[in-house]
Amino acid sequence: MASVPIVDISNPSATSLAALDDACRSHGFFLLEGHGLGETIDETFRVGRQFFDGDPAVKNSVRRDERVALGYNDRELTKRQRDHKEVFDFVDPTEGRAAHHNRWPSAPDGFRATMAHHFDAFSELAARTTALVFEALAASRSSVEDHRGDRTTSYMRLNRYTVGDPVPEHERAGLNDLADVALGEHTDPGLLTLLIQDDTGGLQALSNGVEWIDVDPRPDTVVVNLADCMQVWTNDRYRAALHRVRPMGTTDRMSIPYFFTPPIERVIEPVAELIHGAPRYRPFVFRDFLNARGADNYADEGVDDVQVTDYRIIDGA
């Protein structure tokens, strides 16, 4: 079986579900085909590239700040080192907080409508993918119903990984050091991430805790990686995908993740029917975990960020 299997979400076979199960135990990555979103994906990439290639003044007009932590940024941190990328973040455009948190650029034409359409389509796909993961776990219908994601707490990002430093040289004084890789190794805090990527390559996953493997671009597929809350729900049966991005050599890379998360006030703990033996995590509220994980994304707080393993129960504790 391929180390990063492809699953037809429109008609998953027993063989592909077995491959999904194996991949989620090993590294937490698999690919989706049969999603029917090719035109949506192409349009999102087209408009996203226009934004990043556009007037720097337009990007700076929606730059994130201490008041609003969404929008454009070219100096984000992962584990206290700067990433080789520029990003644009937004939350569910239909949700109440969007009016305060989302910042929309004046160009390119159709940017906001395109991103809203993508968010709608990928919210639905994320819900179907979560159910697919529970199917691979042979979980009951009640567990599927009780453990859903929430689009109103989820968010989307445009990434452009640059060749070299994304910050102009005259603006680098006082900034954290640039990392050795384009994006440092990390896990995502929610349930799962749906990612579309161009054909540049560079995404890697740590398999079985020992070997970095490539998650190569495949035409017409969506990359799925499991996140921290899914690792807790499955009581470590499945891995939150530890991943990174290699430095870009000769060309930029663009990727667009949709981060699917639980309800913000949801208590996260192992699912009863998936526990074999004792639970390995103490319960925590997703809001608290998300706030702790995101504290150093925008400024160096001087300490390492919180990890889901900080909630793991130590034997005898």
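Quick notes on the rules
Residues numbered from 1 in each chain as written. Predicted model: local features only at pLDDT ≥ 70, side-chain atom pairs only at ≥ 80, totals over all residues. Heavy atoms only, no water. Helix = DSSP H or I, 4+ residues; strand = E, 2+ residues; numbered from the N terminus. Rg over C-alpha atoms; globule rule 2.2 N^0.38 Å. Contact = heavy atoms within 4.5 Å. Lys, Arg positive; Asp, Glu negative; His and termini not counted. Charge placed at Lys NZ, Arg CZ, Asp CG, Glu CD. Axes fitted to C-alpha atoms, helices over the stretch in contact; angles between N-to-C directions. Parallel < 35°, antiparallel > 145°, perpendicular 65-115°, else oblique. Left-handed = near helix turned anticlockwise from the far one by under 90°. Nonpolar A, V, L, I, M, F, W, Y, C, P; charged D, E, K, R; others polar. Pairing = 2+ DSSP bridges. Patch = residues over 30% accessible without salt bridge, like charges linked within 9 Å, V, L, I, M, F, W, Y side chains within 5 Å. Areas by Shrake-Rupley, 256 points an atom, 1.4 Å probe, with all protein chains shown as cover. Salt bridge = Lys/Arg side-chain N within 4 Å of Asp/Glu carboxyl O. Phe/Tyr/Trp six-rings, centres within 6.5 Å; stacked < 30°, edge-to-face > 60°. Buried < 20%, exposed > 50% of the residue type's maximum accessible area, 1.4 Å probe, protein only. Lys NZ or Arg CZ within 6 Å of the ring centre and 35° of its normal. Core = buried A, V, L, I, M, F, W, Y, C linked by side-chain atoms within 4.5 Å. Expected span 1.5 Å × (residues − 1).

## Some words on the overall build of the chain
Of the regular secondary structure elements, the chain holds eight helices and 16 strands. For 317 residues, the compact-globule formula gives about 20 Å, and the C-alpha radius of gyration of the chain, at 19 Å, lands near that figure. Projected onto the principal axes, the alpha-carbon positions of the chain cover approximately 55 × 45 × 40 Å. Sequence separation of 24 or more characterises 77% of the internal contacts of the chain that already satisfy a separation of 6 or more. Counting 34 positive and 52 negative side-chain charges, the chain places the averaged centre of each group 1 Å from the other.

## Comments concerning the packing of helix 2 (residues 38–53) against helix 5 (residues 111–136)
Where helix 2 contacts helix 5, the two axes come as close as 10 Å, and the packing angle between them is 140°. Viewed along their axes, helix 2 and helix 5 adopt a mutual orientation that is oblique. Between helix 2 and helix 5 lies a crossing whose hand is left-handed. Residues Thr40, Ile41, Glu43, Thr44, Val47, Gly48 and Phe51 of helix 2 touch helix 5, and the partners they reach there are Phe111, Thr114, Met115, His117, His118, Ala121 and Phe122. When grouped by side-chain class, the residues that make up the contact of helix 2 with helix 5 number seven nonpolar, six polar and one charged.

## Section: the sheet that holds strand 12 (residues 222–226)
One open sheet accounts for eight strands, arranged 1-2-12-9-14-7-6-3; its pairing is mixed. This sheet does not close on itself; its edge strands, each paired only once, are strand 1 (6–8) and strand 3 (71–73). Sheet twist, expressed as the average angle between the axes of neighbouring strands with direction ignored, equals 25°. By the bridge criterion, four bridges tie strand 2 (residues 29–33) to strand 12 in an arrangement that is antiparallel. Counterpart to Leu31 in the pairing with strand 12 is Val223.

## Brief notes about the sheet that holds strand 10 (residues 203–207)
Strand order in this open sheet of four strands is 8-13-10-11, and the pairing throughout is antiparallel. Pairing within the sheet leaves two strands with one partner each, and these edge strands are strand 8 (183–186) and strand 11 (211–214). Averaged over all neighbouring strand pairs, the angle between strand axes comes to 25°, with direction disregarded.

## A closer look at the packing of helix 1 (residues 14–26) against helix 5
Their axes nearest at 9 Å, the elements helix 1 and helix 5 cross at an angle of 90°. Here helix 1 is positioned roughly perpendicular relative to helix 5, judged by the angle of their axes. Taken together, the residues of helix 5 that come into contact with helix 1 (itself represented by Leu17, Leu20 and Asp21) are Leu132, Glu135 and Ala136.

## Focus on a negative patch on the surface
Residues Glu33, Glu39, Asp42 and Asp220 make up a contiguous surface patch of negative charge. For Asp220, the location among the structural elements is in the loop between strand 11 and strand 12.

## Observations regarding the packing of aromatic side chains
Any pair of aromatic rings gets described here by the distance separating the centres and the angle formed by the planes. A complete count under the given rule lists 17 aromatic pairs for this structure. Here Phe119 and Tyr258 contribute two aromatic rings whose centre-to-centre distance is 5.0 Å and whose plane-to-plane angle is 65°, an arrangement assigned as edge-to-face. Residue Phe119 is located in helix 5, and its partner Tyr258 is located in strand 14 (residues 253–260); the two are separated by 139 residues in the primary sequence. For the pair formed by Phe119 and Tyr258, the shared burial category is buried. Taken together through their ring pairs, the aromatic side chains of Phe51, Phe52, Tyr72, Phe88, Phe90, Trp104, Phe111, Phe119, Tyr258 and Phe260 make up a single cluster. Directly above the aromatic system of Trp212 lies the positively charged group of Arg244, at a separation of 4.0 Å from the ring centroid.

## Description of the nonpolar core
With 59 residues, the main nonpolar core has Phe30, Leu32, Phe88, Phe122 and Leu194 as its most contacted residues. By residue number, the principal contributor to this core is helix 5, which donates 11 residues. Once residues within four sequence positions are removed from consideration, Leu194 is found in contact with Leu32, Phe122, Leu125, Ala126, Thr129, Val222, Val223, Val224, Ile256, Pro257 and Tyr258.

## Quick look at helix 2
With 16 residues, helix 2 extends 23 Å between its outermost C-alpha atoms, agreeing within 8% with the 22 Å of an ideal straight helix rising 1.5 Å per residue. Buried residues of helix 2: Thr40, Ile41, Thr44, Phe45, Val47, Gly48, Phe51 and Phe52, and no others.

## A look at the side chain of Asn102
Secondary-structure assignment places Asn102 in the loop between helix 4 (98–101) and helix 5. Taking the relative accessible area as the measure of exposure, Asn102 reaches 9% and is therefore buried. Excluding residues within four positions of it along the chain, Asn102 makes contact with Leu70, Phe90, Val91, Asp92 and Pro93.

None of the figures reported here should be taken as evidence of function without further support.
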